[in-house]
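Single-letter residue listing:
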Amino acid sequence: MGKEKLKSNIFNQWQLFAWLWNKYLREHRWLLTVVIILMMIEGSMIGGLAWMMQPLFDNVFGGQSYTQLWGVAAIVLGLFLSRGILSVTHRVLMTKIARISVAELQNDLLSHLLRLDMAFFNKHAPGYLIERVQGDVQAVAQTWGLVVRGGARDLIGVISLLVVMLSIDWLWTIFALLGAPLLLVPSLIAHRYTRRQASKARDVAANMAARLDEAFHGIATIKLNSLEKYYSGRYRSLTKNQIKVELKTLFGTSVLPSLVDIMSGIGFAGVIVYGGYEIISGTKSVGQFMAFFSALGLAFEPLRRLAGISGLVNAASVSVNRMRTILDQKPQLQGPKSPKKISAKGDIEFKNVTLNFGELEVLSNITFTASAGKTTALVGASGAGKSTIFNALTRLYAHQKGSISISGIANTLIDPNALRAEISVVSQDTILFDETLRENITAGHKDIDPHILENVIKAAQISEFLPAIAQGLDTPVGPRGSNLSGGQRQRVAIARALLRDTPILLLDEATSSLDSKSEVLVHKALEKLSENRTTLVIAHRLSTIVSADKIVVMDKGKIVEIGTHQELLDAEGHYADLCRIQSGSSDE
């Protein structure tokens, strides 16, 4: 059973690295071939150095030949110069291949992750994904670089030295390799141990990245609640765990090189004793012994590196497996095979829509119509399902029952990207990128007419604060827009929506966290933005949706009332109770 498991692990590792080769390294095969040839030439020269020891001791020192002294010195110098030139050349070329392939792998991972569904991101913390894109890729890149160098340079070096040793005396070579069988069983144990610890190490690294991401994004909350010591303590415990796991991993990868030391020690002792008797008896010359002993000594370091690579490959296979697992993930919300074109200027209709998160029912039998060009408000307590309505409409989450249609076309029959291209969203948690104000407004759109941009800035009330910032539109907004106030960030989001000029507008509590002055300015911008658009509004402040054409009242994932503001007040139901609570006039 143990042998079968070992064979399975080796096969799986081979499969993983074969996938890596076919996907990212194959296109560099010709340049990589040149690198390998250069490494092989460099590696073979180490055998030449060992071989030169025999004429040096027998002919130069023993024969006292000045002529051969200069010849041997010239050959040795030439070998070292050649090794130096070859080393620089293949290192530069190897680094070029590594950097290009790493960039391609990281870009593919990020592009693939961005296409996955929201359900995937709900299960995996940002820090975990950052570690996959950065930490795992770098770990693999470092390892495969060592594998190429080890396989091309060190392996050829060891083979060339072995040839020198065999050419001098095959029996001495057997004595030198007496300790080799000792490597077998410990190496198998070390492989399994290293793989297990490497998996734990990658998990700890991902957890640390997640905690850092959490701390830096929530820095204001941490400071306001005096949680600095708490978060520092959490991270400190993780670092202690990281040290423990990484030391165990290092132990596993270091065992094999240490076993090589033991093997080499046994071999050295055997050769000294057996070879020493032959030299004393006159059977072998001092030059032969020095050439053999030099070859054995020079093989020591390449063997240690090759043994170490075995452990590193074992550890890196964990990272390769994690990356491949992510790349094998498929979006659950696949676009239709024959998507229908959409003109989103008609009504939005929800009909008997039910949506579950696992076993939890979030929306239950939702039915309403948002009329084209009109404003429909969604109200209710937190957790009533209002935001899920938006997520279902935009296909961030799939509904299990019922239908959602736009202009008479079911949103499941529309390509998700084409669907979202017809919708603009302004939410209470406006996320701005760490770029300039201009780039946050244009959001990747190039060659925008300056006149159109100017009109958008005015309509979004950005012109009210623009003169007060030093570099105008070229002012960096800071991480997550930290250099702007909440109201300013909202107006940037509105400008972005105006520039998209889509027929459908979703407003998710866009003014809930603003002060009175900012709310007035943002409200003016929203009125401009909502003109002639089908608008769905989520609002906790009921005063902001009094003029809505239709109000849909929700409670616990269900619709409990639908009507205008006045109709719902007259009905004396759920909406009227919410209004009384917010106005402070409810009877206790």
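Residues numbered from 1 in each chain as written. Predicted model: local features only at pLDDT ≥ 70, side-chain atom pairs only at ≥ 80, totals over all residues. Heavy atoms only, no water.

So, on to the overall build of the protein. The number of helices and strands found in the protein is 19 helices and 10 strands. The buried share of the protein, taken over its 588 residues, is 44%. If you take every contact in the protein between residues at least 6 apart in sequence, the share linking residues at least 24 apart comes to 79%. Carbon together with sulfur atoms contributes 58% to the accessible area of the protein, which is approximately 30800 Å² in total. (Helix = DSSP H or I, 4+ residues; strand = E, 2+ residues; numbered from the N terminus. Buried < 20%, exposed > 50% of the residue type's maximum accessible area, 1.4 Å probe, protein only. Contact = heavy atoms within 4.5 Å. Areas by Shrake-Rupley, 256 points an atom, 1.4 Å probe, with all protein chains shown as cover.)

Turning our eyes to something else, we now look at the packing of helix H15 (residues 450-459) against helix H16 (residues 486-500). For the pair H15 and H16, the least separation of the axes is 9 Å and the interaxial angle reads 135°. Compared by their axis directions, H15 and H16 come out oblique. When the axes of H15 and H16 are compared, the crossing they make is right-handed. Contacts between H15 and H16 involve Ile452, Val456 and Ala459 from the first element and Ala495, Leu498 and Leu499 from the second. The residue inventory of the contact of H15 with H16, partitioned by class, reads 6 nonpolar, no polar and no charged. (Axes fitted to C-alpha atoms, helices over the stretch in contact; angles between N-to-C directions. Parallel < 35°, antiparallel > 145°, perpendicular 65-115°, else oblique. Left-handed = near helix turned anticlockwise from the far one by under 90°. Nonpolar A, V, L, I, M, F, W, Y, C, P; charged D, E, K, R; others polar.)

For the rest of this paragraph, the subject is the sheet that holds strand E7 (residues 504-508). Strand order in the open sheet made by the 6 strands is E6-E7-E8-E3-E9-E10, with mixed pairing throughout. The open sheet has two edge strands with one neighbour each: strand E6 (423-427) and strand E10 (558-563). Going across the sheet, the axis of each strand differs from the next one's by a mean of 15°, ignoring polarity. Those strands touched by helix H12 (residues 386-393) are strand E3 (375-379), E6, E7, strand E8 (534-538) and strand E9 (550-555), and its axis lies near 145° from that of E8. (Pairing = 2+ DSSP bridges.)

The next thing to look at is the nonpolar core. Ranked by size, the top nonpolar core spans 40 residues in total, and within it Leu437, Ile441, Ile462, Ile545, Ile551 and Tyr575 carry the most contacts. Looking at this core, the elements that each hand over two or more residues are E3, helix H14 (437-442), H15, H16, E7, helix H17 (516-530), E9 and helix H19 (574-583). For this core, the leading source of residues is H16, giving 7 residues. Counting residues in each nonpolar core, the second largest holds 29 residues, with Ile366, Phe368, Ala370 and Leu536 among its members. (Core = buried A, V, L, I, M, F, W, Y, C linked by side-chain atoms within 4.5 Å.)

Pairing between the strands of a sheet is mediated by backbone hydrogen bonds and can be parallel or antiparallel. Ordered by their spatial adjacency, 4 strands build an open sheet running E2-E1-E4-E5, and the pairing between neighbours is antiparallel. The sheet is open, and its two borders are formed by strand E2 (360-370) and strand E5 (409-410), each paired with just one other strand. For strand E1 (residues 348-357) and strand E4 (residues 401-406), the ladder comprises 5 bridges, and the chain directions are antiparallel. Paired with Phe350 across the two strands is Ile404, which belongs to E4. In the packing of H12 onto the sheet, contacts are made with E1, E2 and E4, and the angle to E1 comes to roughly 105°.

Each aromatic ring pair is summarised here by two numbers: the centre-to-centre distance and the angle between the ring planes. Summed over all chains, the structure comprises 3 aromatic pairs. With a centroid separation of 4.9 Å and 55° between ring planes, the pair formed by Phe357 and Tyr397 is classed as tilted. With Phe357 in strand E1 and Tyr397 in the loop between H12 and E4, this pair connects stretches of sequence that are 40 residues apart. According to the relative accessible area criterion, Phe357 is partly exposed, its value standing at 36%. Taking relative accessible area as the criterion, Tyr397 reaches 14% and is therefore assigned buried. (Phe/Tyr/Trp six-rings, centres within 6.5 Å; stacked < 30°, edge-to-face > 60°.)

Together, Arg196, Lys200, Lys244 and Lys248 make up a positively charged patch on the protein surface. Here Lys248 is to be found in helix H10 (residues 228-281). (Patch = residues over 30% accessible without salt bridge, like charges linked within 9 Å, V, L, I, M, F, W, Y side chains within 5 Å. Salt bridge = Lys/Arg side-chain N within 4 Å of Asp/Glu carboxyl O. Lys, Arg positive; Asp, Glu negative; His and termini not counted. Charge placed at Lys NZ, Arg CZ, Asp CG, Glu CD.)

Moving on, we get to the pattern of salt bridges. Counted under the stated rule, the structure contains 5 salt bridges. Between Glu572 and Arg580 there is a salt bridge, and its shortest N-O distance comes to 3.2 Å. For Glu572, a relative accessible area of 52% puts it in the exposed group. Look at the salt bridges and you will find they share partners, linking Glu572, Asp577 and Arg580 into a network.

Quick look at the confidence of the model for the protein now. Averaged over every residue, the pLDDT of the protein is 77; the share at 70 or more is 85%. Low confidence marks residues 1-8, where pLDDT is under 50. Its contacts with residues over four positions away, or in another chain, come to 3 contacts. (pLDDT = per-residue confidence, 0-100.)

Attention now moves to H12. Buried residues dominate H12, accounting for 6 of its 8 residues. Of the residues making up H12, those classed as buried are Lys386, Thr388, Ile389, Phe390, Ala392 and Leu393. With its phi angle positive at about 65°, Arg395 sits one or two positions after the end of H12.

We now examine the pairing of E1. As judged from the 7 bridges shared by E1 and E2, these two strands associate in the antiparallel manner. Looking at the pairing, Phe350 lines up with Phe368 of E2. In this structure, the hairpin formed by E1 and E2 is closed by a connection of 2 residues, where Gly358 is found at a positive phi of approximately 65°.

With that settled, the discussion passes to a nonpolar patch on the surface. Taken together, Leu162, Leu166, Trp170, Ile174 and Leu177 make up a surface patch of nonpolar side chains, about 480 Å² in accessible area. With respect to the secondary-structure elements, Trp170 resides in helix H7 (residues 170-176).

Turning next to the environment of Val353. Within the secondary structure, Val353 sits in strand E1. Classification of Val353 by relative accessible area gives buried; the value is 0%. C-alpha of Val353 to C-alpha of Phe368: the two residues are 15 residues apart in sequence and 9.7 Å apart in space. Val353 has contacts with Leu363, Ser364, Asn365, Ile366, His399, Lys401, Gly402, Ser403 and Ile404, leaving out every residue within four places of it along the chain.

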